[in-house]
Amino acid sequence: MDPRTRKLLEAPIVPMLMRLALPNLAVMVVQAAIGLIETWFVAKLGTDALAGMALVFPLLMVIQMISAGAMGGGILSSVARALGSNRRDDANTLAWHAAAIAVVLGLATAAAAFAGGPKLYALMGGRDGSLAAALTYSNIVFAGAIPLWLYNSLAAVIRGTGNMWVPATVTVLGAIVLIPLSPMLIFGLGPLPRLGIAGGATAVVAFYVVGSLIFATYLWSGRGVLKPAARPPALRWAPTRDILRVGAVSSLVSVATNVSIATATGLTGAFGPAAVAGYGTGARLEYLLVPLIFGLGTPLAALTGTAIGAGNRERALKVAWTGALIASVITEAIGLAATIFPAAWISLFGADATMNAVGIHYLHVVGPFYGFFGMGLALYFASQGAGRLGWPLIGALLRVTIATVGGYIAVQAAGLTGLFLALGLALAVFGLVTAIATAAGVWFPRAAAPAPSRVPQPS
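All of these numbers come straight from a predicted model, not from anything done at the bench.

Conventions used here
Residues numbered from 1 in each chain as written. Predicted model: local features only at pLDDT ≥ 70, side-chain atom pairs only at ≥ 80, totals over all residues. Heavy atoms only, no water. Axes fitted to C-alpha atoms, helices over the stretch in contact; angles between N-to-C directions. Helix = DSSP H or I, 4+ residues; strand = E, 2+ residues; numbered from the N terminus. Parallel < 35°, antiparallel > 145°, perpendicular 65-115°, else oblique. Left-handed = near helix turned anticlockwise from the far one by under 90°. Contact = heavy atoms within 4.5 Å. Nonpolar A, V, L, I, M, F, W, Y, C, P; charged D, E, K, R; others polar. Phe/Tyr/Trp six-rings, centres within 6.5 Å; stacked < 30°, edge-to-face > 60°. Buried < 20%, exposed > 50% of the residue type's maximum accessible area, 1.4 Å probe, protein only. 1 Å grid on protein atoms, 1.4 Å probe; cavity = no way out; pocket = protein on both sides within 12 Å on 5 of 7 lines; lining within 4 Å. Points joined across faces, edges and corners; volume = space filled by probe spheres on them. Core = buried A, V, L, I, M, F, W, Y, C linked by side-chain atoms within 4.5 Å. Polar contact = N/O pair within 3.5 Å; in protein donor to acceptor, adjacent residues only side chain to side chain.

Draft legend 1. Geometry of the packing of helix H2 (residues 13-43) against helix H11 (residues 313-340). For the pair H2 and H11, interaxial distance at closest approach is 10 Å and the crossing angle is 60°. Looking at the two axes, H2 sits oblique to H11. Considering the relative orientation of H2 and H11, their crossing is right-handed. Residues Ile13, Val14, Leu17 and Met18 of H2 form the contact with H11, whose participating residues are Arg315, Lys318, Val319, Thr322, Gly323 and Ile326. Taken together, the residues that form the contact of H2 with H11 break down as six nonpolar, two polar and two charged.

As structure tokens, this is what we get:
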């Protein structure tokens, strides 16, 4: 076994988890900063542009969460479990299978966005200028869906080996270029034309193209734990199934999460574009919790998967609960800060009175529930590593049911206050269901007891 893999199985949990999480957390902070800075620049284009970006954001986050956290989690889990059980050849083969899956799903994403985007954004409340802005941003971003999928899939392969530094370095260096490039393309500079909201989308696509090339070069150079063959092997169903078994269920969890926010966006649309922009700005903080916990969740999945592959159940559970505690404390602190000082966040994105009022009200009501969300997300990532996602899926489906059905009923009875209360309750249910199931031992179903042998009786 590679010494780097053995360290994942034997090193003290908290120092190892923190060591692996720090570069990931740095990545998530950088990516969050990219999103915030781009939103700030787009806000300078007016309320229609900001509302248009808010309409696309749930769909874009679905794809990012599925490709990085869901299907990427399936890739990471497969690689980690293969290395934990010392199946090096299988782990090497998984790199090619991950790339193939990324290309297929990238094509499917682009086709779906082009075909269904206009109707979706209109259903979510887009109209006139905000709908036009949404379509402009969406068409460019999703034209680059294949690079987006390849970037996150190849990064997941690398993280599955326990290497968090290479993806972190690529992301941080990419951000250093992207942050100035985005406003240059949005507002124009020198020979660069003013592209408006299209400029921000173009910069994002460029980031994923270059990053994918760097990850591929690293993996196939043989510098890491894995040594994939230079030429693609014949693709087989078994490795593909191993990835999809976890990735497909994880994708349903991600879709459920984003359906909740997309539905709430649509319900808020009845109160006008400024209300949509206000809710979208407030909910963006909730969205930012996902990449933040992803920074902790990726090493959680890698450590848990490696321990499961090696048959060390006790260590796998210790890793999971340690991560859940850390995640719940961080997210609850953020939620309480947003509840107490909501204007500090909302006022960053505009001065429209309705937009600010809706965003502040959202944070007042939903912010205190963020700790449940963080706990549930951390245990979801650990469940990915264990390859046991049934109960996190049930928790996510309950969340989307409460947010959509309960939200619709609540908004009729109590307006936006009722809607936001339903969203907060949905977060609590997701976290509690996942935690209770993990504590009950669902990762390790008990084998049925053998039937007692019948002893012949003397005649």
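Draft legend 2. Summary view of the packing of helix H10 (residues 273-309) against H11. Contact geometry for H10 and H11: axes closest at 9 Å, N-to-C directions at 170°. Judged on the interaxial angle alone, H11 and H10 are roughly antiparallel. Contacts from Leu285, Leu289, Leu292, Ile293, Leu296, Leu300, Leu303, Thr304, Ala307 and Ile308 of H10 reach H11 at Arg315, Ala316, Val319, Ala320, Gly323, Ile326, Ala327, Ile330, Thr331, Ile334 and Ala338. Taken together, the residues of the contact of H10 with H11 sort by class into 17 nonpolar, three polar and one charged.

Draft legend 3. Looking closely at the packing of aromatic side chains. Using the criterion set out here, one finds 13 aromatic pairs in the structure. Consider the rings of Phe373 and Phe430, whose centres lie 6.2 Å apart with planes at 55°: the pair is tilted. Placement of Phe373 in helix H14 (residues 370-386) and of Phe430 in helix H15 (residues 390-439) is noted, with a sequence separation of 57 residues between them. Considered together, Phe373 and Phe430 belong to a single accessibility category, that of buried residues. One aromatic cluster is present, formed by Tyr151, Phe207, Tyr208 and Phe215 through successive ring pairs.

Draft legend 4. View of empty space enclosed by the protein. Counted by the stated rule, this structure contains seven cavities of 30 Å³ or more. Within this model, the largest cavity holds a volume of roughly 630 Å³. What lines the largest cavity is a set of 40 residues, and nearest its centre among them are Gln31, Met61, Gln64, Tyr208 and Pro291. A total of nine residues in the lining of the largest cavity trace back to one element, the largest contributor, which is helix H3 (residues 47-84). Put simply, the second largest cavity is a space of about 70 Å³. Lining the second largest cavity are Thr39, Leu50, Met53, Ala54, Phe57, Gly280, Thr281 and Arg284. Residue assignment for the lining of the second largest cavity shows that the elements contributing at least two residues are H3 and H10. Ranked by the residues each element gives to the lining of the second largest cavity, the list is headed by H3, at four residues. Residue composition of the lining of the second largest cavity, grouped by class: four nonpolar, three polar and one charged.

Draft legend 5. Spotlight on the layout of surface pockets. What the largest pocket holds in volume is close to 260 Å³. If you go around the largest pocket, you meet 18 residues; those closest to its centre are Arg4, Thr161, Gly162, Asn163 and Val225. Going through the elements one at a time, helix H1 (3-10), H2 and helix H8 (197-221) are the ones with two or more residues in the lining of the largest pocket. Considering every element that reaches the lining of the largest pocket, the biggest residue donor is H2, with four residues.

Draft legend 6. Looking closely at the nonpolar core. Ranked by size, the top nonpolar core spans 141 residues in total, and within it Tyr137, Tyr279, Tyr362, Phe420 and Leu423 carry the most contacts. At 19 residues, H3 tops the list of elements feeding residues into this core. Discounting residues that sit within four places of it in the chain, Phe420 has contacts with Tyr279, Val358, His361, Tyr362, Val365 and Val366.

Draft legend 7. Just the environment of Ala155, in detail. Along the chain, the position of Ala155 falls in helix H6 (residues 145-160). Ala155 sits in the buried class, given a relative accessible area of 1%. Between the C-alpha atom of Ala155 and that of Ala216, which follows or precedes it by 61 residues, the distance is 9.1 Å. In contact with Ala155, not counting residues within four places along its chain, are Pro167 and Phe215.

Draft legend 8. The arrangement of the environment of Thr268 in detail. Considering the arrangement of structural elements, one finds Thr268 in helix H9 (residues 237-268). The contacts of Thr268, once residues within four sequence positions are left out, are Ala275, Val276, Tyr279, Leu416 and Leu419. Among the polar contacts made by the side chain of Thr268, one reaches the main-chain carbonyl oxygen of Ala264 at a distance of 2.7 Å.

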